[in-house]
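Reading the structure
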Amino acid sequence: MSFNNLGLSAPLLKAIKEQGYSEPTPIQKQAIPVILDRKDILAGAQTGTGKTAGFTLPMLELLSRSKHTKQKAHHVRALILTPTRELAAQVAQSVEVYGKHLPFKSCVIFGGVKINPQISQLRRGMDIVIATPGRLLDHMNQKTIDLSKVEFLILDEADRMLDMGFINDIRKVLEVLPKQKQTLLFSATYSEEIKKLSDRLLNSPTLIEVARRNTASETVQQAIYPVDKVRKRELLTHLIKEGDWKQVLVFSRTKHGANRLAGQLESDGISAVAIHGNKSQNARTKALADFKKGEVKVLVATDIAARGIDIDQLPHVVNYELPNVSEDYVHRIGRTGRAGNQGEAISLVCIDENEYLANIEKLIKKDIPKVWLKAFKPDPSIKAEAINQGGGGRGKGGNSRNRPSNRSAQGANSSRASSGRRR
Ligand code: AMP
């Protein structure tokens, strides 16, 4: 099937061609016709499936079909909500790329940067606004945005937004939106909370699911490297040097750990930079840009900072520590093996993390192969310790299926408390 049969008009087909896409991905094949039919959708799709184009293309198509009256000051026609600034910026870029041959105005609004330039953009009226919930609320409170004419609402990575404790912010946004609108909800995982949100929000939605629920992408080769905690850094340096890795995203559970590891890798002669919520937005944008350009080999990131990061053909992802929330593993390894490319996800696992590993394997319903390196064989005399949950971690989580219901809010609060007001 080609893009030509999906009901998109020439300006969009031209932009798609310029991107070099030859055929729609499964989520695009399924979602685009349904959205063009003006139906609400609930889509289960991870990043890497092409979901962004899956909602952006039909949204642009429908906006271009409806009568284009002159945009009124502060008005918005389409609102896209994302959990993080990085994802907002990436979605905004997609809107620009795919909408290149259409006359729409779009802007992105998130915290961590000055609000005034956003206010002047909004004053002109915008066809499309991509926003994180916190800063959007600031604009609503200051009456610098008018959402009463929204025709489309898109929630991207809705599960992440709930995990990050944005539910109340989202509710406040929903209150000011018109009843009559088309709503698209994207979520990588399903939970009771997502079901509740979709029941409230969506009108007889069409369900679309491309990757099976909570299964790790099949283009990602996963492996566990058992190793003692104190030797993880040595092993990581070894893997990067031996494998001559050019670009690797490393996940660290804490901000402090991310900084420390980046510094240590630098002293091992490997260019590395850390990205997390304590860094300014400019520093994060620069770190990501340097990494994408290949000027920095290793990007060490915390889960929150890494959400939505879209790097074409990222070959390696390393879990320096396993996440204590199993779903985060699926999100992390979804950074590689995207759009059909092969990717490798390696987890350095010490004895203390065996329970996390068991939970992850239960979630993805398969055992991850173990690679035992002779030189890094764990010392059998080291016994498992109760894992220290402090030091900036995400609170007691354990198995995601029986985690406390306020885990997310706690996690979001603790990370906000230490990183200042993160909107
Ligand atoms: P997403 O899941 O939206 O984060 O997209 C993942 C990646 O797939 C992005 O780098 C897109 O540029 C790319 N992509 C989206 N649609 C297609 C397509 N039809 N063919 C090839 N690549 C695509």
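Residues numbered from 1 in each chain as written. Predicted model: local features only at pLDDT ≥ 70, side-chain atom pairs only at ≥ 80, totals over all residues. Heavy atoms only, no water.

**Quick look at the overall build of the chain**
Heads up, the condition is: Runs of H or I in DSSP of at least four residues are treated as helices and runs of E of at least two as strands, each being numbered from the N terminus. Between buried and exposed lies partly exposed: a residue is buried under 20% and exposed over 50% of the maximum accessible area for its type, with that area taken using a 1.4 Å probe on protein chains only. Should any heavy atoms of two residues lie within 4.5 Å, those residues are considered in contact.
A count of helices and strands for the chain gives 16 helices and 13 strands. In the chain, buried positions account for 56% of the 423 residues. Residue pairs in contact within the chain that sit at least 24 positions apart in sequence constitute 77% of those at least 6 positions apart.

**As for unusual backbone geometry**
Of note, the phi angle at Lys-143 is positive, near 55 degrees, even though the residue is not glycine. On the basis of relative accessibility, which here comes to 66%, the residue Lys-143 falls in the exposed class. A positive phi angle is found at Glu-157, which is not glycine, with a value near 50 degrees. The residue Glu-157 is located in the loop between strand E5 (152-155) and helix H7 (158-163) in this model. Residue Glu-157 is classed as buried on the basis of its relative accessible area of 5%.

**Things to note about the pairing of E5**
As a reminder of what qualifies: DSSP calls a pair of strands paired once it identifies at least 2 bridges connecting them.
Alternating residues of E5 divide into Phe-152 and Ile-154 and Leu-153 and Leu-155, and every residue in both groups is buried. Relative to E5, strand E2 (residues 76-81) runs parallel, the two sharing 4 bridges. The partner of Leu-79 across the bridge, within E5, is Leu-153. When E5 meets strand E6 (residues 182-187), the two strands line up parallel, connected through 4 bridges. Its bridge partner lying in E6, Leu-153 is registered against Thr-183.

**Some thoughts on the nonpolar core**
So the rule is basically this: Buried residues of nine kinds, namely Ala, Val, Leu, Ile, Met, Phe, Trp, Tyr and Cys, make up a nonpolar core once their side-chain atoms join them within 4.5 Å.
Core analysis: the largest hydrophobic core is formed by 39 residues, its most contacted members being Leu-8, Ile-41, Leu-57, Met-59, Ile-80 and Ile-128. When residues in this core are grouped by element, the largest group, 7 residues, is from helix H3 (residues 51-65). The contacts of Leu-57, once residues within four sequence positions are left out, are Phe-3, Leu-8, Leu-12, Ile-16, Ile-32 and Tyr-98. Within the second largest apolar cluster, 33 residues are counted, among which are Leu-79, Ile-109, Leu-122 and Met-161.

**Points about the packing of helix H4 (residues 85-98) against helix H12 (residues 281-293)**
Keep this limit in mind: To get an axis, a line is fitted to the C-alpha atoms, and for a helix only the part in contact is used. The angle between two axes follows their N-to-C directions and goes from 0 to 180 degrees. Relative orientations are named as follows: roughly parallel for angles under 35 degrees, roughly antiparallel for angles over 145 degrees, roughly perpendicular for angles from 65 to 115 degrees, and oblique for any other angle. By the definition used in this description, the sense in which the near helix is turned from the far one sets the handedness, with an anticlockwise turn below a right angle giving left-handed and a clockwise turn giving right-handed. Lys, Arg, Asp and Glu make up the charged group, whereas Ala, Val, Leu, Ile, Met, Phe, Trp, Tyr, Cys and Pro make up the nonpolar group; the residues left over, Gly among them, are polar.
The contact between H4 and H12 brings their axes to 11 Å, and the two run at 60 degrees. For the element pair H4 / H12, the angle class is oblique. Crossing of H4 against H12: the hand is right-handed. Contact residues: H4 offers Arg-85, Glu-86 and Gln-90, while H12 offers Gln-281, Arg-284, Leu-288 and Lys-292. Its residues assigned to classes, the contact of H4 with H12 comprises 1 nonpolar, 2 polar and 4 charged.

**Examining the sheet that holds strand E4 (residues 126-131)**
Spatially, the 7 strands line up as an open sheet ordered E3-E4-E2-E5-E6-E1-E7, and their pairing is parallel. Looking at strand neighbours, the two that pair on one side only are strand E3 (106-109) and strand E7 (206-209), the edges of this open sheet. Neighbour-to-neighbour, the strand axes of the sheet open up by a mean angle of 15 degrees, direction not taken into account. With respect to the sheet, H4 is in contact with E2, E3 and E4, its orientation differing from that of E4 by roughly 150 degrees.

**Describing the confidence of the model for the chain**
Operational definition: One number per residue, pLDDT, summarises how confident the predictor is, and it ranges from 0 to 100.
Put simply, the chain has an average pLDDT of 84, and 85% of its residues get 70 or more. Confidence drops under a pLDDT of 50 for residues 387-423, and excluding neighbours within four residues, the segment shows 72 contacts in the predicted structure.

**Considering the packing of aromatic side chains**
For any pair of aromatic rings, the description rests on two quantities: the centre-to-centre distance and the angle between the ring planes. Applicable threshold: Pairing of aromatic rings covers Phe, Tyr and Trp, the last counted by its six-membered ring, and requires centre-to-centre distances within 6.5 Å; plane angles under 30 degrees mean stacked, over 60 mean edge-to-face, and any other angle means tilted. Only when the NZ of Lys or the CZ of Arg is both within 6 Å of the ring centre and within 35 degrees of the ring normal is a charge said to sit over the ring.
If you walk through the whole model with that rule in mind, you get 2 aromatic pairs. Relative to Tyr-98, the ring of Tyr-21 has its centre 6.3 Å away and its plane inclined at 55 degrees; by these criteria the two rings are tilted. In this pair, Tyr-21 is assigned in the loop between helix H1 (10-19) and helix H2 (26-36) and Tyr-98 in helix H4, connecting sequence segments 77 residues apart. Ring plane angle 55 degrees and centroid distance 5.1 Å describe the contact between Phe-55 and Phe-186, whose orientation is recorded as tilted. In this pair, Phe-55 is assigned in helix H3 and Phe-186 in strand E6, connecting sequence segments 131 residues apart. Take Phe-55 and Phe-186: they sit in the same class, and that class is buried. Seen from the ring of Tyr-320, Lys-232 lies directly overhead, with NZ or CZ sitting 5.9 Å from the centre.

**Details of the side chain of Thr-302**
Tracing the sequence through the fold places Thr-302 in the loop between strand E11 (298-301) and helix H13 (303-306). The exposure class of Thr-302 is buried, given its relative accessible area of 8%. Apart from the residues within four sequence positions on either side, Thr-302 is in contact with Phe-251, Ser-252, Thr-254, Lys-255, Ile-275 and His-276.

**Overview of the side chain of Asp-352**
To be explicit about the condition: Residues adjacent in sequence count toward polar contacts only when both atoms are side-chain atoms; beyond that, a polar contact is any pair of N or O atoms within 3.5 Å, and within protein one must be able to donate a hydrogen and the other to accept it.
Take Asp-352: it is sitting in the loop between strand E13 (343-349) and helix H15 (354-364). Take Asp-352: its relative accessible area is 12%, and that puts it in the buried class. A polar contact is formed between the side chain of Asp-352 and the side chain of Lys-229, at a distance of 3.2 Å.

**Structural notes on the sheet that holds strand E12 (residues 316-319)**
Whether parallel or antiparallel, the strands of a sheet pair through hydrogen bonds between backbone atoms. Taken in spatial order, the 6 strands of this open sheet run E8-E13-E12-E9-E11-E10, and their pairing is parallel. Of all strands in the sheet, those with a lone pairing partner are strand E8 (220-226) and strand E10 (272-275), marking the two edges. Neighbouring strand axes in the sheet, compared pairwise and without regard to direction, differ in orientation by 20 degrees on average. As paired strands, strand E9 (residues 248-251) and E11 are joined by 4 bridges and run parallel to one another. In the strand pairing of E11, Val-248 is matched with Val-298. Sheet strands in contact with helix H10 (residues 232-243) are E8, E9, E11, E12 and E13, and its direction is about 155 degrees off that of E13.

**A word on helix H11 (residues 255-267)**
Rule in force here: Expected span, for any helix, means 1.5 Å times one less than how many residues it has. The reported arc concerns the directions from the helix axis to the C-beta atoms and nothing else.
Here H11 contains 13 residues, and its C-alpha end-to-end distance of 19 Å stays within 8% of the 18 Å for a straight helix at 1.5 Å per residue. Residues Lys-255, Gly-257, Ala-258, Leu-261, Ala-262 and Leu-265 constitute the buried set of H11. Buried residues of H11, seen end-on, are gathered within an arc of 155 degrees and therefore sit on one face of the element. Facing away from the buried side of H11 by more than 90 degrees, the exposed set consists of His-256 and Ser-267. Positive backbone phi, approximately 85 degrees, marks Gly-269, located one or two places after H11.

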